[in-house]
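Each chain is listed here by its residues.
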Amino acid sequence: MITLKTKKIILGVSGGIAAYKSCYLVRELVKLGAEVRVVLTPSACEFISPLTFSTLSRNEVIVNIFPEKKVNTKTSTWHIDLARWADLFVIAPATVNTIAKIKNGIADNALTTLVSARRCPLLIVPAADEDMYLSQSNQKNIADLKLQGVYFLETEYGELASGLTGFGRMAEVDLIVEKIKSIISNSHKDYLKKKILITSGPTYEPIDPVRFIGNRSSGKMGQALALAAFYRGADVTVITGPTHLSYPSQIKVIKVKTADEMLDAVKKQFPKCHIFISAAAVADYKPKKVSPSKLKKNKTKLTIELIENKDILKEISKSKKRNQIVVGFSVETENEISNSKEKLIKKKLDLIVINNPLREGAGFEVDTNQIYILRKDGTLKQFPKKFKIDVANDILNEIKNLNE
Ligand SMILES: Cc1cc2nc3c(=O)[nH]c(=O)nc-3n(C[C@H](O)[C@H](O)[C@H](O)COP(=O)(O)O)c2cc1C
């Protein structure tokens with residue numbers, strides 16, 4: 001059983017009727033051994049008293065950015081200290097207003113200020129009237145935050161405070177607790193002082209100034225790895241091809257377009273890292289010639305000659321030091337294990353992650369993946385279909401096990 005003993009959780013509560021349910025949530029988390037610090041928005045105090053939360057959490061509740069008591073210099077930056085203290089930040093209920101502020105990086109109250117300073121995963125549990133919840137802007141804000149790697153526990157269909165029935169009802173407390181347990185089981189800081197280099201996303205190989213050869217990689221697997229490693233304390237650098245994803249400011253992001261640019265960036269960063277995870281879908285081929293002007297549609301047939309790109313993993317394996325760990329990804333649609341074994345040996349990898357995009361819920365564009373992990377000692381492990389952030393944590397666990 002996953003316990004929450006010694007786990008540090010910030011619970012943010014914003015101004016909705018469902019705020020009363022968060023009292024039960026605090027009670028449950030404290031019962032499971034977690035240390036809980038509650039932060040309320042000023043609107044939340046209209047719905048429930050800070051005293052209720054301080055009694056249940058056995059801790060002082062934060063409402064104001066500027067504490068009333070004059071304090072010394074150290075505690076005046078309480079938001080930074082508290083944000084760094086937490087293993088997990090949960091906002092339940094999260095109003096449409098608070099979600100919009102977080103999406104836009106607004107830090108105008110204690111809750112939103114803490115969110116912007118956090119270094120831990122964020123779980124948002126929205127609650128609102130159906131029309132507010134399903135409004136275009138709210139749905140867009142939620143989608144954008146998901147692209148930043150924020151966890152959501154979607155609302156349920158049911159009776160609402162307005163007396164209407166519909167979507168927007170906050171998830172029940174036991175579901176929130178289960179979600180917290182699943183996220184927190186991987187939030188130990190076991191990668192502190194480790195430098196991890198990750199490549200992510202597709203590469204674009206230009207044909208002419210407006211066209212390119214690309215692939216379906218969304219970069220979500222690489223982003224999940226970067227976030228998981230960052231939350232586990234690592235110093236993370238991501239070299240990414242073109243994607244719509246974003247990263248916390250503490251993660252160093254190097255943007256590239258082509259396979260050659262990615263190789264150059266990896267060559268520069270690789271000597272500085274302890275672990276290199278190559279999750280990018282790098283194009284194997286590129287057009288031999290890039291036309292300086294747009295190719296005209298004046299022929300019935302167009303032939304583009306392709307030449308091979310250099311293989312990044314093979315290139316860096318030449319300079320790999322003994323204490324460096326290199327992890328590759330293998331996308332195969334047939335003979336996935338035997339083909340991946342060959343790659344692992346040829347590219348001198350410590351571990352290879354195998355996925356088959358033809359399997360339901362695996363590979364490119366989707367939020368889930370289903371992988372095998374093959375180690376250089378020949379051990380093969382199969383994992384069930386999971387969200388990419390959980391897959392990322394499985395991969396980080398296996399990397400840790402390499403030294404055991
Ligand atoms: C009775 C009442 C219930 C409300 N319930 C919700 C709610 O469940 N979800 C929501 O997004 N806003 C709700 N609101 C509106 C928010 O309280 C309002 O947008 C406020 O500005 C939110 O501030 P906050 O995000 O800083 O807490 C409610 C307002 C009232 C008067």
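Throughout what follows, the structure given in this document is the object of discussion. Owing to the predicted nature of the structure, the values given are computational and were not obtained by experimental measurement.

**Points about the overall build of the chain**
If you tally the helices and strands in the chain, you get 15 helices and 21 strands. Here the C-alpha radius of gyration of the chain, 24 Å, is about what a compact globule of 404 residues would show, namely 22 Å. For the chain, the spread of C-alpha atoms along the principal axes amounts to about 70 × 55 × 40 Å. In the chain, which comprises 404 residues, the proportion classed as buried is 51%.

**Comments concerning the nonpolar core**
By size, the foremost hydrophobic cluster in this structure holds 71 residues, and its most contacted members are I180, I277, I395 and I399. Not counting residues up to four positions away in its chain, the partners in contact with I277 are I196, L197, I198, T199, L225, V327, F329, L396 and I399. Grouped together as the second largest cluster of nonpolar side chains are 27 residues, V39, A86, A94 and V150 included.

**Brief notes about the packing of aromatic side chains**
Across all of its chains, the model carries four aromatic pairs by this definition. Aromatic pair F230 and Y231: ring centres 5.7 Å apart, planes at 45 degrees, arrangement tilted. For the pair F230 and Y231, a shared accessibility class is recorded, and that class is buried. Centre to centre, the rings of F270 and F276 are 5.9 Å apart; their planes meet at 70 degrees, and the pair counts as edge-to-face. Across the pair, F276 and F270 agree in class, each one buried. Looking at K400, its charged tip hangs above the ring of Y191, at a distance of 5.7 Å from the centre.

**As for the pattern of salt bridges**
As enumerated under the stated definition, the model contains 21 salt bridges in all. In this structure, the salt-bridge partner of E332 is K343, at a minimum N-O distance of 3.0 Å. A residue pair is termed long-range when its members are at least 10 positions apart, and E332 in the loop between β16 (325–331) and α14 (336–346) and K343 in helix α14 qualify at eleven residues. For K381, the salt bridge identified is with E398, shortest N-O distance 2.7 Å. One end of the pair, K381, is in strand β20 (residues 380–382); the other, E398, is in helix α15 (residues 388–401), and 17 residues separate them in sequence. Given the relative accessible area of 37%, K381 is considered partly exposed. Each of K21, R169 and E172 takes part in a single network of salt bridges with overlapping partners.

**A few points about the sheet that holds strand β12 (residues 252–255)**
Adjacent strands of a sheet pair through backbone hydrogen bonds, lying either parallel or antiparallel. Reading across from one edge, β12-β11-β8-β13-β16-β17-β19-β20 is the order of the eight strands in this open sheet, with mixed pairing throughout. Lying at the two open borders of the sheet, with one neighbouring strand each, are β12 and β20. Pairs of neighbouring strands in the sheet enclose a mean axial angle of 15 degrees, with direction left out of account. When strand β11 (residues 235–240) meets β12, the two strands line up parallel, connected through four bridges. Of the residues in β12, the one forming a bridge with T240 is K255.

**Structural notes on the site of the ligand**
In the vicinity of the ligand, 14 residues are found, and the nearest of them are G15, T41, T95, V96 and T98. The separation between an oxygen atom of the ligand and a polar main-chain atom of G15 is 2.7 Å. The backbone of A127 places a nitrogen or oxygen atom 2.8 Å from a nitrogen atom of the ligand. For the ligand, whose accessible area on its own is 640 Å², the fraction buried by protein is 64%. Per-element tally for the shell around the ligand: the top contributor is helix α6 (residues 96–103), with three residues. Of the residues assigned to the shell around the ligand, the class counts are six nonpolar, eight polar and no charged.

**Regarding the layout of surface pockets**
Of the pockets and cavities examined, the largest pocket occupies roughly 990 Å³. Together, 40 residues line the largest pocket, and A280, A281, V282, D284 and K343 are the ones closest to its centre. Sorting the residues of the lining of the largest pocket by element identifies α11 (220–231), α13 (312–317), β16, α14 and β17 (351–355) as the ones contributing at least two each. Per-element tally for the lining of the largest pocket: the top contributor is β16, with four residues. Each residue belonging to the lining of the largest pocket can be placed in one class, and the counts come to 15 nonpolar, 14 polar and eleven charged.

**Thoughts on α14**
Along α14, the residues classified as buried are E336, S340 and L344. Angularly, the buried residues of α14 cover 65 degrees about the axis, an arc narrow enough to put them on a single face. Looking at α14, the residues exposed on the side facing more than 90 degrees away from the buried face are E342, I345 and K346. Buried residues along α14 sit in contact with β16, β17 and β19 (371–375). Just downstream of α14, K348 is the residue with a positive phi angle, here 55 degrees.

**Topic: unusual backbone geometry**
Here the amide bond leading from A92 into P93 is cis, since omega sits at -5 degrees, within 30 degrees of zero. Mapped onto the elements of the fold, P93 is located in strand β3 (residues 88–94). In this model, R58 sits at a positive phi of 60 degrees, which is unusual for a non-glycine residue. Tracing the backbone through its elements, the reader meets R58 in the loop between α3 (50–57) and α4 (73–76). For N335, which is not a glycine, the phi torsion comes out positive at approximately 45 degrees. Within the secondary structure layout, N335 lies in the loop between β16 and α14.

**Brief notes about the sheet that holds β3**
Read from one edge to the other, the open sheet built from five strands follows the order β2-β1-β3-β4-β5, with strand pairing classed as parallel. What marks the edges here is a single partner per strand, and that holds for β2 (35–40) and β5 (151–152). As judged from the six bridges shared by strand β1 (residues 8–13) and β2, these two strands associate in the parallel manner. The residue of β2 that forms the bridge with L11 is V38. Taken strand by strand, α6 contacts β3 and β4 (122–126), and its axis lies near 150 degrees from that of β4.

Reading the values: rules and limits
- Residues numbered from 1 in each chain as written.
- Predicted model: local features only at pLDDT ≥ 70, side-chain atom pairs only at ≥ 80, totals over all residues.
- Heavy atoms only, no water.
- Helix = DSSP H or I, 4+ residues; strand = E, 2+ residues; numbered from the N terminus.
- Rg over C-alpha atoms; globule rule 2.2 N^0.38 Å.
- Buried < 20%, exposed > 50% of the residue type's maximum accessible area, 1.4 Å probe, protein only.
- Core = buried A, V, L, I, M, F, W, Y, C linked by side-chain atoms within 4.5 Å.
- Contact = heavy atoms within 4.5 Å.
- Phe/Tyr/Trp six-rings, centres within 6.5 Å; stacked < 30°, edge-to-face > 60°.
- Lys NZ or Arg CZ within 6 Å of the ring centre and 35° of its normal.
- Salt bridge = Lys/Arg side-chain N within 4 Å of Asp/Glu carboxyl O.
- Pairing = 2+ DSSP bridges.
- Axes fitted to C-alpha atoms, helices over the stretch in contact; angles between N-to-C directions.
- Near = heavy atom within 4 Å.
- Polar contact = N/O pair within 3.5 Å; in protein donor to acceptor, adjacent residues only side chain to side chain.
- Areas by Shrake-Rupley, 256 points an atom, 1.4 Å probe, with all protein chains shown as cover.
- Nonpolar A, V, L, I, M, F, W, Y, C, P; charged D, E, K, R; others polar.
- 1 Å grid on protein atoms, 1.4 Å probe; cavity = no way out; pocket = protein on both sides within 12 Å on 5 of 7 lines; lining within 4 Å.
- Points joined across faces, edges and corners; volume = space filled by probe spheres on them.
- Arc of directions from axis to C-beta.

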